[in-house]
Amino acid sequence: MQGVIVCQGLKKSFGKVIALEDINLEVKSGEIFGLLGPNGSGKTTLLKILLGLLLPTQGEVRILGEKPDDISVKNRIGFLPEIPRYYPFLNPIETLDFYARLFNLSKRTRRDRIGELLNLVGLYDYRKRRLGVFSKGMLQRIGLAVSLINDPQLLLWDEPTLGLDPIGAFQIRDLLLKLKAKGKTILLCSHLLSEVEYSSDRIAILYKARLIKEGRLSELLNKEEEIQINFKPKDEQDKERILHGLKENIGQLNISHPRQSLEELFRKIIGESENAA
Amino acid sequence: MFLRINPRVSLSLSIILLFFFLSFLQFQILSFRGLPGRLVIKPGEFAVLVALGGLRGVAADLLYLKADEFWQEKKWKEMLPLYRAITVLQPHYVDFWSNAGFHLAWNLSFASETQQEKEKYMQEGIGFFKEGISYNPDVYKLYFDIAFTYDHKLKNYDEAINWYRLAVQFPEHPTYIERLIAHALKKKGDLEAARQEWLKLQKLYPDDPYHQEIVGRNLKIVEEEIQKGGQKK
Amino acid sequence: MLLKVWILAGNTFKEAIRRRFLYIFLFAAVAIILASHFFNFLAPLEESKITVDMGLASILFFGALIAIFSCAELIPREIERQTIATVLSKPVKRFEFVLGKFFGGLLIIFLNFVLMSVVFLVLVYFKDRAISLNLIKALVLTFWELAVLSSIAICLSTLSTTTAFIATVTFSIYIIGHLTDYFIHIAQQAGNLFISVFVGVIYTVLPNFNNFNLRDKVAEGFFIPNFEIAKVLLYGLIYILVMLGLSYLFFQDKEF
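Everything numeric here is computed off the predicted structure, so don't read it as measured data.

(A) How the structure looks around the interface of chain C and chain A. Taken together, the contact between chain C and chain A spans 20 residues of the former and 20 residues of the latter. Within the residue set of the side of chain C that touches chain A, elements represented by two or more residues are α1 (2-19) and α4 (83-88) of chain C. Here the side of chain C that touches chain A gets 6 residues from one element, more than from any other, and that element is α1 of chain C. Of the residues in the side of chain C that touches chain A, the class split is 6 nonpolar, 5 polar and 9 charged.

This is the structure:
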């Protein structure tokens, strides 16, 4: 596998509790990859392993071709945690400057980028207020800015629209597509299926520590077991003739599969897994 | 071919080596500063806690304040254990030894009822001074304290003179100590030796008019006594 | 590496300054130093002795409290509020993080130490019209003792995430570290090989804070050769390196 993120036989256990089991996953360069799963399925554990905050019990993990604890790799990653936690005694400028300095960015680059990002996330007017008084949504915006401060090649975003108002959520969706257009790779964890459906190229579904589904969104959402044929008959006779001669008239027919929503797929897969368990 | 050691293993080995070096260094430091004496403060004394925190100087000061209080109240016997503790805590502060020895040799002996007890406390006082000298051999004060006690309390002028002579070895001693030697010789009855001592003292401190005046006056007194035939053999 | 350590240390220092709770210890120390001026009228000791003793004692005691309470919570606080995840997701090595916290803590201690020392030296100068080099040496030894104490707190905080536990253990080590010399008396009295070896190991492993009590001798005017002071400073430096080395081992595989 040559992807930006590669997991082979990944297992993580905390004592007797298995958080991830036999995860084989590949995230390709330039795509938006959605990672779905109910609470406790292992999404955050996987993210933490990718960041080197947790160590795998078994298996191999590569991120941008290196092990997760490789420092050079972290220069090219941007991380947004599920609940952004930053130093409450710093203001947005100081926060972004602190993290930017950890990337060894020059003073000029820092200054330019901080201004740009604060405008992007809509916090320029609050730039001198301490984060300790920020709302959840504002902290989320700061988190987004922090994750982009180093202009990363790979973004790991956990619930990026959490705490944002609907307009903010739309802005994030648009931002995702813009970032993809710039060639960035994004691993997106979210509970909001509509959000993942809107932006992701491929998805994976985790359930009870296992990866139970993975693939291109367009393929997964197609109901393969059914065929939907759309045609407009001239009259009743035409309709009968077409139905009778269906196989000979393939060239003129528009055959497609009915599409289900991501929510329908998700529910179906989880339901099947629960029954199997 | 070279051996690549796991960084954690090499760090662990380095830490162990550093502990050995610390042990060696500790031995070196200890050979200079010495071990502290055994703590003899009663449990319950606040000073114990203070001392345990490494604040020995403050602990000694607190105990000294209490000892001073006992002295004011003439509780001599309660005062003694405190002085023991104080000198254990700060053995290099000479005044503690000096005060303790003084209280034993002078105040406790004065307050004692029998002659036997008086002499016992005087000797204990001198013992305290001597113990202080073992910690502070290069300071004149305690030598002087012993000499003064022999001179004025025990009337043992030979011992007094010996100890005065030890005290004047140290450069920062007060000038009157040399004069006390001459006085002690006179009190002993050796007027000729006293005269010789005063003559020697005339050559010392030529720029000190006060010293010269006293020496001159006393020399004259001794010479008159010799002339009157008061010299004892 | 040094740059990142400096950035992290600066951030740690900034937080402590803005939090202000350590000012309580600073004010208490200054109050006692100033109050020591009045004790002199109670006893016939040299006037400056009590000022020097209480001044040095206050700086040591409150400096120790500042060292313990500030350093014990530096890493656990980051773990508790999960800011550690955002920092370690950046190109920061774990050991750089630990060093940053240690030096940040040391900066906090140093600032408080300097403030207390200035008040103390001004008071001594007011009494004696002079400040002896011996007193400066005593202060240097005091600061070094605090640096060793803070390294112990940092090391323990890489093992445990409970601030109260870390502070309690560090404080206990502070007390025991002043008693280790007395263990030798115990070993001598016991006359048992096993006890002697056991005491020897404890004596080596635990920090011997009595070494820094050369400060008391210096304050009494007892001449300490610079070479002997250098040995004590070297002892402290090696102990700090050992604590930081252990911190590296404990923190490297810690999971968050």
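(B) Summary view of the packing of helix α5 (residues 94-111) of chain B against helix α6 (residues 115-135) of chain B. Residues and elements named next belong to chain B. For the pair α5 and α6, interaxial distance at closest approach is 7 Å and the crossing angle is 170°. Of the possible angle classes, the one that applies to α5 and α6 is roughly antiparallel. Contact residues: α5 offers V94, W97, A100, G101, F102, L104, A105, L108 and S109, while α6 offers K118, Y121, M122, E124, G125, I126, F128, F129 and G132.

(C) Spatial organisation of the domain arrangement of chain A. All names here are of chain A. Split by domain assignment, chain A resolves into domain 1 (1-76 + 152-222) and domain 2 (77-151). Summarising the inter-unit geometry, the C-alpha centres of domain 1 and domain 2 are found 22 Å apart. With 19 residues of domain 1 at the interface, the matching set in domain 2 holds 14 residues. At the level of elements, α2 (71-74) and β6 (154-158) are the ones that each hand at least two residues to the side of domain 1 that touches domain 2. Looking at the side of domain 1 that touches domain 2, the element that brings in the most residues is β6, giving 5 residues.

(D) Structural detail: the environment of S109 of chain B. Residues and elements named next belong to chain B. Assignment of secondary structure puts S109 in helix α5. S109 sits 36 residues away from D145 along the chain, and the two C-alpha atoms are 15 Å apart. Once you skip the residues sitting within four places of it in the chain, S109 turns out to touch K118, Y121 and M122.

(E) Representation of the sheet that holds strand β5 (residues 77-80) of chain A within the structure. All names here are of chain A. Taken together, 6 strands build an open sheet; the order of strands is β5-β6-β7-β3-β8-β9 and the sheet is mixed. In this open sheet, the two strands that pair with only one neighbour each are β5 and β9 (210-216). For this sheet, the mean inter-axis angle between neighbouring strands, taken without regard to orientation, is 15°. The strands that helix α1 (residues 43-50) touches are β3 (32-36), β6, β7 (185-189) and β8 (202-207); relative to β6, the one it contacts most, it runs at about 150°. Relative to β8, helix α10 (residues 262-276) is tilted by about 30°, and along the sheet it contacts β3, β8 and β9.

(F) Molecular detail of the nonpolar core. Judged by nonpolar contacts, the single largest core of 194 residues is most densely connected at A145 and L156 of chain A, I86 and A147 of chain B together with A153 of chain C. Of the residues forming this core, the biggest block, 17 residues, is contributed by helix α3 (residues 47-80) of chain C. A domain split of this core shows at least three residues from each of domain 1 (1-76 + 152-222) and domain 2 (77-151) of chain A. Aside from chain neighbours lying at most four places away, what touches L156 of chain A is L47, L50, L51, I77, F79 and L187 of chain A.

(G) Main features of the pairing of strand β1 (residues 5-14) of chain A. All names here are of chain A. Across 7 bridges, β1 lies against strand β2 (residues 17-27) in antiparallel orientation. Note that in β2 the partner of C7 across the bridge is L25. Adjacent in sequence and paired antiparallel, β1 and β2 are bridged by 2 residues, among which G15 carries a positive phi angle near 70°.

(H) Representation of helix α11 (residues 209-227) of chain B. With 19 residues, α11 of chain B should reach 27 Å at 1.5 Å per residue; the first-to-last C-alpha distance of 27 Å fits that figure. Just downstream of α11 of chain B, G229 of chain B is the residue with a positive phi angle, here 80°.

Calculation rules
Residues numbered from 1 in each chain as written. Chains lettered and ligands numbered in written order. Predicted model: local features only at pLDDT ≥ 70, side-chain atom pairs only at ≥ 80, totals over all residues. Contact = placed C-beta atoms within 7 Å. Helix = DSSP H or I, 4+ residues; strand = E, 2+ residues; numbered from the N terminus. Nonpolar A, V, L, I, M, F, W, Y, C, P; charged D, E, K, R; others polar. Axes fitted to C-alpha atoms, helices over the stretch in contact; angles between N-to-C directions. Parallel < 35°, antiparallel > 145°, perpendicular 65-115°, else oblique. Domains from an automatic or database assignment. Pairing = 2+ DSSP bridges. Core = buried A, V, L, I, M, F, W, Y, C linked by C-beta atoms within 7 Å. Buried ≥ 20, exposed ≤ 12 C-beta atoms within 10 Å, placed from the backbone. Expected span 1.5 Å × (residues − 1).

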